[in-house]
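The chain contents come next:
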Amino acid sequence: AEPYRAFDPAGGWRTAISVEYGNAIESDSHGTSSYLLDAELMRSSVLFRRDLTPRAFAEFELSAVGTYAGFADGFFVWYHRLIHFTQPERAARPENTFAYQFALPDGTTITRMPSALSLGDARATLGLRHGESLQSALSLTLPTATGGYGRGVPSLSTVHTVHIELSSRVFYEGTVGVGFTPRHGDLSAYQRTLFASGSTGFGFRLWGSQSVFGSFFYHSPDYHGT
(Lines give C-alpha, C1' and ligand atoms only; values in the text may rest on other atoms or scores of the structure.)
Protein backbone atom coordinates (compact mmCIF):
# COMPACT_ATOMS: atom_id res chain seq x y z
CA ALA A 1 0.00 0.00 0.00
CA GLU A 2 1.49 3.31 -1.06
CA PRO A 3 0.41 6.26 1.14
CA TYR A 4 -0.39 9.62 -0.43
CA ARG A 5 2.78 11.74 -0.59
CA ALA A 6 1.96 15.43 -0.22
CA PHE A 7 4.11 17.91 -2.14
CA ASP A 8 7.00 19.32 -0.08
CA PRO A 9 7.54 22.98 -1.05
CA ALA A 10 10.87 23.00 0.82
CA GLY A 11 12.33 20.67 -1.81
CA GLY A 12 15.39 18.50 -1.39
CA TRP A 13 15.67 14.88 -0.29
CA ARG A 14 13.54 13.46 2.50
CA THR A 15 14.58 10.35 4.44
CA ALA A 16 12.40 7.80 6.25
CA ILE A 17 13.69 4.96 8.44
CA SER A 18 11.61 2.00 9.65
CA VAL A 19 12.39 -1.03 11.83
CA GLU A 20 10.02 -4.00 12.05
CA TYR A 21 10.45 -7.11 14.21
CA GLY A 22 7.90 -9.87 14.61
CA ASN A 23 7.39 -13.27 16.22
CA ALA A 24 5.55 -15.68 13.91
CA ILE A 25 4.30 -19.25 14.04
CA GLU A 26 2.09 -21.14 11.58
CA SER A 27 1.50 -24.87 11.31
CA ASP A 28 -0.86 -26.34 8.71
CA SER A 29 -1.35 -29.77 7.19
CA HIS A 30 -3.70 -31.29 4.64
CA GLY A 31 -3.24 -34.85 3.46
CA THR A 32 0.41 -35.27 2.49
CA SER A 33 0.98 -31.50 2.38
CA SER A 34 2.28 -29.55 5.36
CA TYR A 35 3.72 -26.15 6.22
CA LEU A 36 5.57 -25.05 9.35
CA LEU A 37 6.97 -21.61 10.11
CA ASP A 38 8.41 -20.78 13.54
CA ALA A 39 10.69 -17.77 13.47
CA GLU A 40 11.35 -14.21 14.48
CA LEU A 41 11.61 -11.89 11.50
CA MET A 42 13.31 -8.53 11.10
CA ARG A 43 13.12 -5.92 8.35
CA SER A 44 14.78 -2.50 8.55
CA SER A 45 14.65 -0.05 5.67
CA VAL A 46 15.72 3.43 4.67
CA LEU A 47 13.74 5.34 2.06
CA PHE A 48 14.90 8.41 0.13
CA ARG A 49 12.22 10.58 -1.49
CA ARG A 50 12.44 13.71 -3.62
CA ASP A 51 9.81 15.80 -5.39
CA LEU A 52 10.72 16.18 -9.06
CA THR A 53 7.86 18.63 -9.76
CA PRO A 54 4.77 19.68 -7.79
CA ARG A 55 3.06 16.62 -9.31
CA ALA A 56 5.82 14.01 -9.61
CA PHE A 57 8.13 12.38 -7.04
CA ALA A 58 10.72 9.62 -6.91
CA GLU A 59 11.64 7.18 -4.14
CA PHE A 60 14.41 4.67 -3.59
CA GLU A 61 14.33 2.15 -0.75
CA LEU A 62 17.05 -0.14 0.62
CA SER A 63 16.36 -2.78 3.24
CA ALA A 64 18.09 -5.27 5.53
CA VAL A 65 16.34 -8.48 6.62
CA GLY A 66 16.93 -11.37 8.99
CA THR A 67 15.24 -14.60 10.14
CA TYR A 68 16.11 -15.97 13.57
CA ALA A 69 15.26 -18.60 16.19
CA GLY A 70 14.68 -15.56 18.39
CA PHE A 71 14.22 -14.93 22.09
CA ALA A 72 10.57 -13.94 22.67
CA ASP A 73 8.64 -17.24 22.65
CA GLY A 74 8.53 -17.34 26.45
CA PHE A 75 7.03 -13.86 26.60
CA PHE A 76 4.23 -14.79 24.20
CA VAL A 77 3.47 -18.02 26.06
CA TRP A 78 3.14 -15.97 29.29
CA TYR A 79 1.07 -13.27 27.58
CA HIS A 80 -1.30 -15.77 25.97
CA ARG A 81 -1.87 -17.41 29.35
CA LEU A 82 -2.55 -13.99 30.86
CA ILE A 83 -5.30 -13.21 28.34
CA HIS A 84 -6.54 -16.85 28.24
CA PHE A 85 -5.69 -17.28 24.57
CA THR A 86 -4.97 -20.83 23.39
CA GLN A 87 -2.34 -21.24 20.68
CA PRO A 88 -1.71 -24.98 20.14
CA GLU A 89 0.92 -24.32 17.46
CA ARG A 90 3.13 -22.50 19.95
CA ALA A 91 2.48 -25.00 22.74
CA ALA A 92 3.59 -27.89 20.50
CA ARG A 93 6.94 -26.33 19.63
CA PRO A 94 10.15 -26.01 21.70
CA GLU A 95 10.84 -22.41 22.68
CA ASN A 96 13.12 -20.26 20.53
CA THR A 97 13.72 -22.96 17.90
CA PHE A 98 13.69 -22.01 14.22
CA ALA A 99 11.63 -23.96 11.67
CA TYR A 100 10.72 -23.22 8.06
CA GLN A 101 9.76 -26.36 6.18
CA PHE A 102 7.01 -27.63 3.94
CA ALA A 103 5.97 -30.71 2.00
CA LEU A 104 3.99 -30.31 -1.22
CA PRO A 105 1.50 -32.63 -2.98
CA ASP A 106 4.07 -33.78 -5.55
CA GLY A 107 6.35 -35.07 -2.78
CA THR A 108 8.69 -32.07 -2.80
CA THR A 109 10.09 -31.29 0.66
CA ILE A 110 11.84 -27.98 1.29
CA THR A 111 13.63 -26.85 4.44
CA ARG A 112 15.23 -23.43 4.84
CA MET A 113 17.66 -22.22 7.45
CA PRO A 114 17.75 -19.01 9.50
CA SER A 115 19.59 -16.07 7.97
CA ALA A 116 21.69 -13.47 9.76
CA LEU A 117 21.45 -9.81 8.84
CA SER A 118 21.54 -9.54 5.05
CA LEU A 119 20.56 -7.20 2.24
CA GLY A 120 16.95 -7.24 1.04
CA ASP A 121 15.50 -6.39 -2.35
CA ALA A 122 15.81 -2.72 -3.39
CA ARG A 123 12.79 -0.77 -4.64
CA ALA A 124 12.56 2.24 -6.96
CA THR A 125 9.26 4.15 -7.28
CA LEU A 126 8.03 6.91 -9.57
CA GLY A 127 4.85 8.64 -8.38
CA LEU A 128 2.38 11.09 -9.90
CA ARG A 129 -0.20 13.15 -7.99
CA HIS A 130 -3.53 13.81 -9.72
CA GLY A 131 -4.48 16.78 -7.55
CA GLU A 132 -4.76 16.71 -3.76
CA SER A 133 -6.71 13.44 -3.47
CA LEU A 134 -5.45 10.97 -6.08
CA GLN A 135 -2.01 9.48 -6.68
CA SER A 136 -0.47 6.77 -8.88
CA ALA A 137 2.84 5.02 -8.23
CA LEU A 138 4.89 2.64 -10.37
CA SER A 139 7.47 0.51 -8.53
CA LEU A 140 10.29 -1.77 -9.65
CA THR A 141 12.05 -4.10 -7.21
CA LEU A 142 15.55 -5.36 -7.94
CA PRO A 143 16.86 -8.79 -6.82
CA THR A 144 19.59 -7.45 -4.52
CA ALA A 145 18.83 -9.78 -1.55
CA THR A 146 21.84 -11.72 -0.30
CA GLY A 147 20.46 -14.00 2.45
CA GLY A 148 18.19 -16.29 0.44
CA TYR A 149 14.93 -14.57 1.40
CA GLY A 150 14.41 -12.27 -1.59
CA ARG A 151 12.36 -12.56 -4.78
CA GLY A 152 15.32 -13.63 -6.89
CA VAL A 153 13.89 -11.75 -9.88
CA PRO A 154 12.75 -8.16 -10.61
CA SER A 155 9.08 -7.36 -10.01
CA LEU A 156 6.83 -4.57 -11.26
CA SER A 157 3.74 -3.10 -9.61
CA THR A 158 1.44 -0.09 -9.68
CA VAL A 159 -0.64 1.23 -6.76
CA HIS A 160 -3.32 3.92 -6.98
CA THR A 161 -4.24 5.85 -3.84
CA VAL A 162 -7.19 8.04 -2.87
CA HIS A 163 -6.71 10.44 0.06
CA ILE A 164 -9.66 12.35 1.56
CA GLU A 165 -9.38 14.92 4.35
CA LEU A 166 -12.41 14.45 6.61
CA SER A 167 -11.33 17.07 9.15
CA SER A 168 -8.19 18.85 10.31
CA ARG A 169 -7.14 15.65 12.16
CA VAL A 170 -8.96 12.74 10.48
CA PHE A 171 -8.28 11.45 6.97
CA TYR A 172 -9.23 8.45 4.84
CA GLU A 173 -6.95 6.51 2.49
CA GLY A 174 -7.72 3.62 0.17
CA THR A 175 -5.57 1.87 -2.43
CA VAL A 176 -5.87 -0.61 -5.29
CA GLY A 177 -2.86 -2.24 -6.91
CA VAL A 178 -1.70 -4.84 -9.40
CA GLY A 179 1.72 -6.45 -9.83
CA PHE A 180 3.77 -8.94 -11.82
CA THR A 181 6.58 -11.18 -10.56
CA PRO A 182 8.16 -13.86 -12.82
CA ARG A 183 8.42 -17.42 -11.54
CA HIS A 184 11.71 -18.33 -9.89
CA GLY A 185 13.32 -20.98 -7.72
CA ASP A 186 12.20 -24.27 -6.22
CA LEU A 187 8.53 -23.23 -5.94
CA SER A 188 8.16 -22.18 -9.60
CA ALA A 189 5.53 -24.84 -10.32
CA TYR A 190 3.22 -23.33 -7.68
CA GLN A 191 3.90 -19.61 -8.01
CA ARG A 192 1.38 -17.15 -9.37
CA THR A 193 2.77 -14.28 -11.46
CA LEU A 194 -0.08 -11.72 -11.40
CA PHE A 195 -1.30 -10.19 -8.15
CA ALA A 196 -3.93 -7.74 -6.92
CA SER A 197 -4.17 -5.80 -3.66
CA GLY A 198 -6.44 -3.36 -1.92
CA SER A 199 -6.58 -1.42 1.34
CA THR A 200 -8.94 0.88 3.17
CA GLY A 201 -8.49 2.74 6.45
CA PHE A 202 -8.49 5.92 8.50
CA GLY A 203 -5.78 8.00 10.12
CA PHE A 204 -5.75 10.45 13.04
CA ARG A 205 -3.11 13.18 13.23
CA LEU A 206 -1.43 13.58 16.60
CA TRP A 207 1.03 16.42 15.96
CA GLY A 208 3.10 17.61 13.02
CA SER A 209 3.50 14.75 10.57
CA GLN A 210 2.83 12.09 13.23
CA SER A 211 -0.37 10.03 12.90
CA VAL A 212 -1.92 6.83 14.17
CA PHE A 213 -3.94 4.79 11.68
CA GLY A 214 -5.79 1.53 11.20
CA SER A 215 -6.41 -0.20 7.91
CA PHE A 216 -7.70 -3.38 6.31
CA PHE A 217 -5.40 -4.87 3.66
CA TYR A 218 -6.08 -7.60 1.09
CA HIS A 219 -3.59 -9.38 -1.17
CA SER A 220 -4.39 -12.13 -3.67
CA PRO A 221 -2.75 -15.56 -3.08
CA ASP A 222 0.94 -16.06 -3.84
CA TYR A 223 0.60 -19.75 -4.73
CA HIS A 224 -1.81 -22.25 -6.28
CA GLY A 225 -2.23 -26.02 -6.07
CA THR A 226 -0.49 -26.42 -2.70
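Look up: the structure comes first, before these words.
Calculation notes
Residues numbered from 1 in each chain as written. Predicted model: local features only at pLDDT ≥ 70, side-chain atom pairs only at ≥ 80, totals over all residues. Heavy atoms only, no water. Salt bridge = Lys/Arg side-chain N within 4 Å of Asp/Glu carboxyl O. Buried < 20%, exposed > 50% of the residue type's maximum accessible area, 1.4 Å probe, protein only. Helix = DSSP H or I, 4+ residues; strand = E, 2+ residues; numbered from the N terminus. Arc of directions from axis to C-beta. Contact = heavy atoms within 4.5 Å. Polar contact = N/O pair within 3.5 Å; in protein donor to acceptor, adjacent residues only side chain to side chain. Patch = residues over 30% accessible without salt bridge, like charges linked within 9 Å, V, L, I, M, F, W, Y side chains within 5 Å. Areas by Shrake-Rupley, 256 points an atom, 1.4 Å probe, with all protein chains shown as cover. Phe/Tyr/Trp six-rings, centres within 6.5 Å; stacked < 30°, edge-to-face > 60°. Core = buried A, V, L, I, M, F, W, Y, C linked by side-chain atoms within 4.5 Å. Pairing = 2+ DSSP bridges.

**Q** Sorry, what's going on with the pattern of salt bridges here?
**A** Side chains that differ in sign of charge can pair as their charged atoms come close. Counted under the stated rule, the structure contains twelve salt bridges. Among the ionic pairs, Arg5 bridges to Glu2, the shortest N-O distance being 3.4 Å. Given a relative accessible area of 18%, Arg5 falls into the buried group. You can call Glu2 buried: its relative accessible area is 12%. One network of salt bridges, in which partners are shared, links Asp38, Asp73, Arg90 and Arg93.

**Q** For this particular structure, what's the right way to read helix H1 (residues 73-82)?
**A** Along an α-helix, residues three or four apart share an orientation, since each turn contains 3.6 residues. Those residues of H1 that sit buried are Asp73, Val77 and His80. For H1, the angular spread of buried residues about the axis comes to 70°, placing them on one side. Residues of H1 that are buried make contact with strand E1 (13-30), strand E2 (33-51) and helix H2 (88-91). Just beyond H1, the residue with positive phi is His84, at close to 60°.

**Q** Could you clarify how one ought to interpret the side chain of Ser139 in this entry?
**A** Tracing the sequence through the fold places Ser139 in strand E8 (residues 134-142). Among the polar contacts made by the side chain of Ser139, one reaches the side chain of Thr125 at a distance of 2.7 Å. Residues contacting Ser139, with those up to four places away along its chain left out, are Arg123, Ala124, Thr125, Ser155, Leu156 and Ser157.

**Q** Can you walk me through a nonpolar patch on the surface in this structure?
**A** Together, Phe75, Trp78, Tyr79, Leu82, Ile83 and Phe85 line one region of the surface with nonpolar side chains, adding up to about 630 Å² of accessible area. Mapping Trp78 onto the fold places it in helix H1.

**Q** Please clarify how the packing of aromatic side chains should be interpreted in this entry.
**A** Here the distance between the centres and the angle between the planes together describe a pair of aromatic rings. Considering all chains together, one arrives at nine aromatic pairs under this definition. Ring centres of Tyr35 and Phe102 lie 6.0 Å apart, and the angle between their planes is 40°; on these two criteria the pair is classed as tilted. One end of the pair, Tyr35, is in strand E2; the other, Phe102, is in strand E4 (residues 99-103), with 67 residues separating them in the sequence. Taking relative accessible area as the criterion, Phe102 reaches 6% and is therefore assigned buried.

**Q** It is not clear to me how the nonpolar core should be interpreted in this structure. Could you clarify?
**A** For soluble globular proteins, nonpolar side chains are generally found buried alongside one another. Listed in full, the ten residues of the largest apolar core are Ala24, Leu37, Ala39, Phe98, Tyr100, Phe102, Leu104, Ile110, Leu187 and Tyr190. Those elements that place two or more of their residues in this core are E2 and E4. Apart from the residues lying within four places of it in its own chain, the contact partners of Tyr190 are Leu104, Pro105, Asp106, Asp222, Tyr223, His224, Gly225 and Thr226.

**Q** I would appreciate a short explanation of the side chain of Arg90 in the present structure.
**A** Its location among the elements puts Arg90 in helix H2. Assessed through its relative accessible area of 5%, Arg90 is described here as buried. Ignoring anything within four residues of it in the chain, the contact list for Arg90 reads Asn23, Ala24, Ile25, Asp38, Asp73 and Val77.

**Q** When you look at the pairing of E4 in this model, what are you seeing that I'm missing?
**A** Sheet faces and side chains relate simply in a regular strand, where the side chains alternate between the two faces. Of all the five residues making up E4, four are buried; the element is thus mostly covered by neighbouring parts of the structure. The pairing of E2 with E4 spans five bridges and is antiparallel. Residue pairing in the sheet places Asp38 in a bridge with Ala99 of E4. One ladder, built from three bridges, connects E4 with strand E5 (residues 109-111); its direction is antiparallel. Residue pairing in the sheet places Gln101 in a bridge with Thr111 of E5.

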